[in-house]
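Structure at a glance
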Amino acid sequence: MDNINYIFFEEYKRLNKLCSELYGDQNGISHYIDDMKNVPGTDCRYISGWKDDLSQLIRLRHIRNHLAHAEGAFDEGICTYRDIEWIQEFHKRILNQSDPLALLYQYSQSRQQMKKTNSSASKPYPPQPLPQVNINIREIKERRPPADKRRQNFYWIIFLIIMVGIFFLSLLEITGLLG
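Criteria and thresholds
- Residues numbered from 1 in each chain as written.
- Predicted model: local features only at pLDDT ≥ 70, side-chain atom pairs only at ≥ 80, totals over all residues.
- Heavy atoms only, no water.
- 1 Å grid on protein atoms, 1.4 Å probe; cavity = no way out; pocket = protein on both sides within 12 Å on 5 of 7 lines; lining within 4 Å.
- Points joined across faces, edges and corners; volume = space filled by probe spheres on them.
- Helix = DSSP H or I, 4+ residues; strand = E, 2+ residues; numbered from the N terminus.
- Nonpolar A, V, L, I, M, F, W, Y, C, P; charged D, E, K, R; others polar.
- Buried < 20%, exposed > 50% of the residue type's maximum accessible area, 1.4 Å probe, protein only.
- Polar contact = N/O pair within 3.5 Å; in protein donor to acceptor, adjacent residues only side chain to side chain.
- Contact = heavy atoms within 4.5 Å.
- Core = buried A, V, L, I, M, F, W, Y, C linked by side-chain atoms within 4.5 Å.
- Phe/Tyr/Trp six-rings, centres within 6.5 Å; stacked < 30°, edge-to-face > 60°.
- Salt bridge = Lys/Arg side-chain N within 4 Å of Asp/Glu carboxyl O.

1. As for the layout of surface pockets
In this model, the largest pocket occupies a volume close to 170 Å³. Secondary structure elements with two or more residues in the lining of the largest pocket: helix H1 (4-23) and helix H4 (50-69). Counted by class, the lining of the largest pocket contains 1 nonpolar, 5 polar and 3 charged residues.

2. Side note on the side chain of Glu11
Structurally, the position occupied by Glu11 is in helix H1. According to the relative accessible area criterion, Glu11 is buried, its value standing at 15%. Side-chain polar atoms of Glu11 contact the side chain of Arg14, separated by 3.0 Å. With near-sequence residues (within four places) excluded, Glu11 lies in contact with Ile84, Ile87 and Gln88.

3. Some words on the nonpolar core
The biggest cluster of nonpolar side chains holds 30 residues, and the ones touching the most others in it are Phe8, Leu15, Tyr32, Trp50 and Leu57. Only H1, helix H2 (28-37), H4, helix H5 (81-95) and helix H6 (100-122) provide two or more residues apiece to this core. Examining the composition of this core, we find that 7 residues originate from one element, H1, more than from any other.

4. Quick notes on the packing of aromatic side chains
Pairs of aromatic rings are described using the distance from one ring centre to the other and the angle between the two planes. In total, this model carries 8 aromatic pairs according to the counting rule given. Ring plane angle 25° and centroid distance 4.8 Å describe the contact between Tyr46 and Tyr107, whose orientation is recorded as stacked. With Tyr46 in the loop between helix H3 (41-44) and H4 and Tyr107 in helix H6, this residue pair connects regions lying 61 residues apart in the sequence. Judged by relative accessible area, Tyr46 falls into the partly exposed class, the value being 39%. A centroid spacing of 4.9 Å and a plane angle of 10° characterise the contact between Trp86 and Phe90, whose relative ring orientation is stacked. Of this pair, Trp86 and Phe90 are both found in helix H5, 4 residues apart, which corresponds to roughly one turn of the helix.

5. Let's talk about the pattern of salt bridges
Opposite charge on two side chains makes pairing possible when the charged atoms of those side chains draw close. The tally for this structure, following the rule as stated, stands at 5 salt bridges. For Lys13, the salt bridge goes to Glu10, with nearest N and O atoms at 3.1 Å. Note that Lys13 and Glu10 are positioned in helix H1 at a spacing of 3 residues, about one turn of the helix. On the basis of relative accessibility, which here comes to 42%, the residue Lys13 falls in the partly exposed class. Judged by relative accessible area, Glu10 falls into the partly exposed class, the value being 38%. A salt bridge links Asp83 to Arg59; its shortest N-O distance comes to 2.3 Å. With Asp83 in helix H5 and Arg59 in helix H4, this residue pair connects regions lying 24 residues apart in the sequence. A residue is classified by how much of its surface remains accessible, and Arg59, at 36% relative accessible area, is partly exposed.

Note that every value here comes from positions in space, so none of it alone points to a role or purpose.
And the structure:
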């Protein structure tokens, strides 16, 4: 049983059996492929390697069908050890729930959980009574600087504005931009 095509065929049957058990149908890999094809592109783009896995499954199914239905196909060099390794790895990924459809399911569950969390967080909290504040106008007046101090600060601000204006005008005149 050195023929690589026989090894490939047996590994494919093993993967198909696993998928058939998941779907409750004889055409396990075909159902898996159909499910992948039916996922909108906006959803599958979040799953790394989605397109590669889909195209590889389709290619390997084609090889399997050729082996099963073409006369003398097992005598041809149709598949490689890489094909066998990929099938074995994909089998493990399904068992570990790291295959594309399982990852999509996990991703959609996490998105739903985030939506629930965000929607509950965006609900307004029930109104709380405002704390009672005793306002003492005399205290407020005492904290403010006296009127003459405020007036003095105002004059300083006006003085600074005039000085900055004069500085910029002289700078414009020096550079020749003013006229």
